[in-house]
Structures are given as structure tokens and as C-alpha cells.
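Fold and contact review
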Amino acid sequence: MSDDAMIAQVVGAHRALAATGQSDLIWGHIAIRDPHGRGVWSKASGWGMEDLTSDRVVLVSFDGEVLVGTGKRHLEVPIHTELMRQRPDIGATVHSHAEAAVAFASLGVPLRAISHAATPFLGDDVRRFTRTANLISTPELGISLAEAVGDENGCLIPGHGLVAVGVDVAHAVMHAVLLERACATQLRAMASGPIRVWTSDAEVASKRAEIWPASSMRAAYAHLVRRAVGVRVDDLSSP
Ligand SMILES: [Zn+2]
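Residues numbered from 1 in each chain as written. Predicted model: local features only at pLDDT ≥ 70, side-chain atom pairs only at ≥ 80, totals over all residues. Heavy atoms only, no water.

Identification of the protein as Class II aldolase/adducin family protein from Leifsonia kafniensis is taken from an unreviewed UniProt entry.

Right under this line is the structure:
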């Protein structure tokens, strides 16, 4: 895939996530693994997800050096580079300051499978990175975050935001969307009273496979991109 195609994917992904309400002014970012192994493609700092354009995208090496593009990289690039170093199975990563995720994490209660959206993150509970709520700006903190995510699809960062990962950009963005939605749904339920009913662990396992196959994740992501930028997703991924 060409550099121009990678840049188009980065633009489409940020605009798609922003359209779901996860933009925080100029903060939060998505990274896509460079197919040639040079590093990760991501948003340059100082721009919002909504106003991302192709000249505001950078390729950052795994050592944090900007290789392509004229902008500065985000301080929190180690979130993406270290997750991708630790997880060769993932092709894209998301970090956002999603509002419901931050509010939910502050309660210190388990995420329950009260909706389809929660199931990609359970087990017993969604993973959490609790070492710091400050910026994850060093490789060492990035490695620590990757350990918190483990082999899961994402984690909450109490006091800060969320991280989501995926085999490709469609999965990573959809995992961010679903985690934020799961937190919002549980907040809404808890505001009305104690939660008494949720899906069993056994059914969560089967729901993960049945409700969220790759075809559905990619179709839902394509829908988000169409909503955000008004073009076919094929136009954003063709070389
Ligand atoms: Zn952050």
C-alpha cells in the first residue's frame, strides 16, 4: 500500500471516530502500522480529529522520529509504538479521552455485559491501566500500558481516557466506539438504580464470536467513514 493510501486511511479513521463524539479538541489519536515496517502513521499534533487533512499526517518511527510529513508528532506516540511492538497481531491503535469511559472509570466498578457493546472487553472486567493518569509519553510507560491491555481489545485509563486495538484500523476504531458505548450504557443504567441483570460469562464468549465477526466490524466501520466524510470506504483504502 502506498504512502498516500496510508495517509487517506489515517484521515478517514480520525474523522470517523470524531463523528462518534470521541474527539477532544486537538487531543486523542489513531495510529496505523506502516506496511513496510517503518513505524506508525498518525495524526500530527495541534489538529483536531475533525479537521484532519492529508497534509496533517505523519509517519513516526518506532523510536519516535518523524519520517514522513512536516508536522510534529504527539507526545503520547509511545502508546501506539509500544502496543504495536508488544502485539505483532495488531495493525492499528486508538487513544481517546472518551467522556463516558472517563466518567465510568472513576466509579471503580466492573464493566458488566449489559449490552452487545461490552462483550469484546469481558471476561470478568475490562482491563485498566492504573499506573498513572498522566501522559503516556515514554517507551517505558507505553510498555506498561501494553501489559495492561494484554491480549485484549482495549483498556480504560482512569483519570485519562481509553485505548483500543485491532487487527486493522476498522477493528481498532470499532473497539474504541464499542468501549465508549458500553461505558455510556452502564452509566445510564447505574443512574437509574442497581444493575441486576447481565449476560453470563459463557454467553459473553459466544457473543464475542457471533456478534462481532470481522465482516460486521468492517461494514460498521465503513458506515462510520461514510457518515463522516461522505465517500465510499473503498476510496480511502485503494492504492
Ligand atoms: Zn491522552
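With respect to the packing of aromatic side chains
As a reminder, the rule being used: Ring geometry is summarised as follows: Phe, Tyr and Trp rings, the Trp one being its six-membered ring, pair when their centres sit within 6.5 Å, and such pairs are stacked at plane angles under 30 degrees, edge-to-face over 60 and tilted between the two. A positively charged side chain is recorded as over a ring if its NZ (Lys) or CZ (Arg) lies within 6 Å of the ring centre. The angle to the ring normal must also be within 35 degrees.
Across all of its chains, the model carries zero aromatic pairs by this definition. In this arrangement the basic side chain of Arg-56 is found over the ring face of Trp-47, its NZ or CZ atom lying 3.6 Å from the centre.

Things to note about the coordination of the zinc ion
Selection rule: Because water is not among the atoms used, a metal site may look incomplete, as its donors are only the N, O and S atoms within 2.8 Å, or 3.2 Å for Na, K and Ca. Any site counts as irregular unless it has four donors with all angles between 85 and 135 degrees, making it tetrahedral, or four or six donors with opposite ones more than 155 degrees apart and the rest between 65 and 115, making it square planar or octahedral. Put simply, DSSP marks the helices as runs of H or I at least four residues long and the strands as runs of E at least two long, and each gets a number from the N terminus on. Here the term buried applies to any residue with accessible area under 20% of the maximum for its type, exposed to any over 50%, and partly exposed to those in between, with areas from a 1.4 Å probe on protein chains only.
Note on the zinc ion: its protein donors are Glu-76 (OE), His-95 (NE2), His-97 (NE2) and His-160 (NE2). The metal-donor distances range over 2.1 to 2.4 Å. Around the zinc ion, the four donor atoms are arranged such that angles at the metal cover 88 to 145°; this shape is classified as irregular. When the donors of the zinc ion are listed by position in the chain, the intervening gaps give E-x18-H-x1-H-x62-H. With His-97 in the loop between β5 (92–96) and α3 (99–105) and His-160 in the loop between β7 (154–157) and β8 (161–166), this pair connects stretches of sequence that are 63 residues apart. The class for His-160 is buried, based on a relative accessible area of 8%.

Thoughts on the sheet that holds β8
Let me state the cut-off plainly: Should DSSP find at least two bridges between two strands, the strands are regarded as paired. The contact criterion used is simple: two residues touch if any of their non-hydrogen atoms lie within 4.5 Å. Each axis is a line fitted through C-alpha atoms, and for a helix only the stretch in contact is used; angles between axes span 0 to 180 degrees, taken between their N-to-C directions.
Read across the open sheet, the eight strands follow the order β4-β3-β2-β1-β5-β8-β7-β6; overall the sheet is mixed. The sheet is open, and its two borders are formed by β4 (66–68) and β6 (127–128), each paired with just one other strand. By the bridge criterion, four bridges tie strand β1 (residues 29–33) to β5 in an arrangement that is antiparallel. Its bridge partner lying in β5, Ala-31 is registered against Thr-93. The sheet strands contacting helix α5 (residues 169–192) are β1, β5, β7 and β8, and the helix crosses β8 at an angle near 145°.

Description of unusual backbone geometry
Omega for the bond connecting Leu-122 with Gly-123 falls within 30 degrees of zero, at 5°, which places this linkage in the cis form. Take Gly-123: it is sitting in the loop between α3 and β6. Phi angles above zero are rare outside glycine, and Leu-25 is one such case at about 55°. Its place among the elements puts Leu-25 in the loop between α1 (3–19) and β1.

Overview of the pairing of β1
Taken across its five residues, β1 has four buried, putting it largely inside the fold. In terms of strand pairing, β1 meets strand β2 (residues 40–43) through three bridges, oriented antiparallel. Counterpart to Arg-33 in the pairing with β2 is Val-40. Linkage of β1 to β2, two consecutive antiparallel strands, is achieved through a turn of six residues, within which Gly-37 is found at a positive phi near 80°.

Let's talk about the packing of helix α2 (residues 77–86) against helix α4 (residues 139–149)
Operational definition: The cut-offs work like this: below 35 degrees is roughly parallel, past 145 is roughly antiparallel, 65 to 115 is roughly perpendicular, and the gaps in between are oblique. Each crossing is labelled by how the near helix is turned from the far one, with a counterclockwise turn of less than a right angle marking it left-handed and a clockwise turn marking it right-handed. Three classes are used: nonpolar for Ala, Val, Leu, Ile, Met, Phe, Trp, Tyr, Cys and Pro, charged for Asp, Glu, Lys and Arg, and polar for all others, with Gly counted as polar.
Running from N to C, α2 and α4 point in directions that differ by 55°, and their axes come no closer than 8 Å. On the basis of the axis angle, α2 is oblique to α4. The crossing of α2 and α4 is right-handed. For the pair α2 and α4, contact is made by Pro-78, Ile-79, Glu-82, Leu-83 and Gln-86 and by Pro-139, Gly-142, Ile-143, Leu-145, Ala-146 and Val-149, respectively. In the contact of α2 with α4, the residues fall into eight nonpolar, two polar and one charged.

Here's the deal with the side chain of Asp-168
Applicable threshold: As used in this structure description, the phrase polar contact means that two N or O atoms lie within 3.5 Å; if the pair is within protein, one of them must be able to donate a hydrogen and the other to accept it, and residues adjacent in sequence are counted only when both atoms belong to side chains.
Tracing the backbone through its elements, the reader meets Asp-168 in the loop between β8 and α5. There is a polar contact of 2.6 Å between the side chain of Asp-168 and the side chain of Arg-218. Ignoring sequence-local partners within four residues, the contact set of Asp-168 consists of Gly-91, Ala-92 and Arg-218.

A closer look at α2
Of all ten residues making up α2, eight are buried, and the element is well covered by its neighbours. Among the residues making up α2, those that are buried are Val-77, Pro-78, Ile-79, His-80, Thr-81, Glu-82, Leu-83 and Met-84. Close packing links the buried residues of α2 with β1, β2, β3 (57–60), β5, α4 and β8.

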